[in-house]
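Coordinate inspection notes
Each chain, written out:
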Amino acid sequence: MNYSSSPVWHPFTQHLLEPVTKKITRTEGAYLIDEDGRQILDLISSWWVITHGHRTPQIMQAIREATEQYDQIIFAEYSHEPAEQLAQELIRIVPHGLSHVFYSDSGSTCVEVALKMALGYFHNRGEPRFKIAVMAGSYHGDTIGTMSAGERGVFNAAYGALLYDVATIPFPVEGREQQTLDAFEQLCRGRDLAALIVEPLVLGAGGMKIYPAVVLRQLKAIAEAHGVLLICDEVMTGWGRTGTLFASEQAGITPDILCLSKGITGGALPLAVTLCVPEIFEAHLSTDRGRTFYHSSSYTANPIACAAGLANLHIWRDEPVLQRVQNLQVMQSCELARFKNDPRFENVRQCGTITALDVKAQSSGYLSNVALRLKAFFRAHDVLLRPLGNVLYLMPPYCVTEQELQRSYQLIDQAADLLQSGKL
Ligand SMILES: *Cc1c(COP(=O)(O)O)cnc(C)c1O
């Protein structure tokens, strides 16, 4: 298939350079199975959504059952059991103190909701604040609002004129964490700052940059001291990726607002939630209709997606998922170890189940299309990896086996050799 034979415009795809090669006809565990019957190892969990594995039986069963009872239901004026129950159960497992759950349908949307909640909170208290602080190198989504909060670059250059101004604190580079904290403290003194939004522990799309939990903990303390809200965007880091159910847990904090999506249904259906502390909900509670939280997506709290979310939560409750996550973490570090001090790579790193390593530049301009060449190499070997520039990373579903990982890291070794010798 190519762009001239299909009307489909694929995401993040330059159709003149990257062929959309095959149709996937089935998924199973850690694999995508294409129309030729080839089994492709999904080492990036289909863009970070699949947690336990593709088509986890309990989740698919819950979806089948929900379709006997529901389709979309308007979520104003009415509610439904899957949404009520999922909200109750979420409150029990997220960091303590979050009290309300607002439903939406994608990571970008739940971040938009978070930003609107933060501004609405200050607006309704009669002390309007409009400034949002962000961490350099972050990614929060692809809508205009979330791109504004994310790193500026080639991905959003065309829309620059529409992006609103944010205050940026530096990424907490090892040894220079204090600069990040000082920069944030400085911003907080300005009194116009509404919130800081961060990806806790790992900046995903920005290149799998990892920083220690203690920095997050300190950022929360500074925010709290100045009455600034902390938004944790756990759209990627949630659901076990960093070794704990949520990354915020490792910092021992409760964010004022928490964004969850991707793995919330185990990756089976689109769903997102924005959770908040009571003060934020209460600031919108009034007989004055002007204080209403005016946000909705057509597919808010889709009952079938909520049922999938509930089934996912029950897997976490009933099965040793954290143990699986920890086993995967150990297998990943064993495999990664051989690349430490390897001259072909730098910044060999890991956070929980996620590993990443930078392919070293040989000459300027070299990195420009290294991602494309690597991607093609892995594709030829039936492995789905999509490097972010020169950053190779693995974010496998939790059902991946030791053997599959061994084979994958051998391929990385091979790819690096080919790049070195100019054969790739
Ligand atoms: C993927 C991602 C988003 C956006 O989610 P979508 O569902 O793609 O809109 C937001 N924040 C983070 C940290 C993400 O990784």
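Named according to an unreviewed UniProt entry, the protein is Adenosylmethionine-8-amino-7-oxononanoate aminotransferase originating from Pseudochrobactrum asaccharolyticum. In UniProt, the protein has this text filed under Subcellular location (unreviewed entry): "Cytoplasm".

With that settled, consider the UniProt feature "binding site: substrate" (unreviewed entry) in the protein. The UniProt record annotates "binding site: substrate" (unreviewed entry) at Trp47, Tyr139, Lys262, Ser296 and Arg386. Taking the farthest pair of C-alpha atoms as the criterion, the annotated set spanning 340 residues is dispersed, since that pair is 33.0 Å apart. Structurally, Ser296 is set in the loop between helix H9 (278–283) and helix H10 (303–318). For Arg386, the residues in contact, after removing those within four places along its chain, are Phe12, Ile44, Trp47, Lys375 and Tyr393.

Before going further, it helps to spend a moment on the environment of Ser79. Inspection of the secondary structure puts Ser79 in the loop between helix H2 (57–67) and helix H3 (81–93). Ser79 gets classed as partly exposed once you look at its relative accessible area, which sits at 38%. Sequence separation between Ser79 and Pro303 is 224 residues; the distance between their C-alpha atoms is 9.5 Å.

Let us look at the domain arrangement of the protein. Often, the extent of an interface is quoted as the loss of accessible area upon association of its parts. For the protein, the assigned domains read domain 1 (59–318) and domain 2 (321–421). The distance between the C-alpha centroids of domain 1 and domain 2 comes to 29 Å. Facing 18 residues of domain 1, the contacting portion of domain 2 comprises 19 residues. Counting every contact that joins domain 1 to domain 2 gives 0 salt bridges. Summed over the shared surface of domain 1 and domain 2, the result is 6 residue pairs in polar contact (both at pLDDT 80 or more). Of the residues in the side of domain 1 that touches domain 2, the class split is 10 nonpolar, 6 polar and 2 charged.

Conventions used here
- Residues numbered from 1 in each chain as written.
- Predicted model: local features only at pLDDT ≥ 70, side-chain atom pairs only at ≥ 80, totals over all residues.
- Heavy atoms only, no water.
- UniProt positions renumbered as here; feature names shortened; annotations may be inferred.
- Helix = DSSP H or I, 4+ residues; strand = E, 2+ residues; numbered from the N terminus.
- Contact = heavy atoms within 4.5 Å.
- Buried < 20%, exposed > 50% of the residue type's maximum accessible area, 1.4 Å probe, protein only.
- Domains from an automatic or database assignment.
- Salt bridge = Lys/Arg side-chain N within 4 Å of Asp/Glu carboxyl O.
- Polar contact = N/O pair within 3.5 Å; in protein donor to acceptor, adjacent residues only side chain to side chain.
- Nonpolar A, V, L, I, M, F, W, Y, C, P; charged D, E, K, R; others polar.

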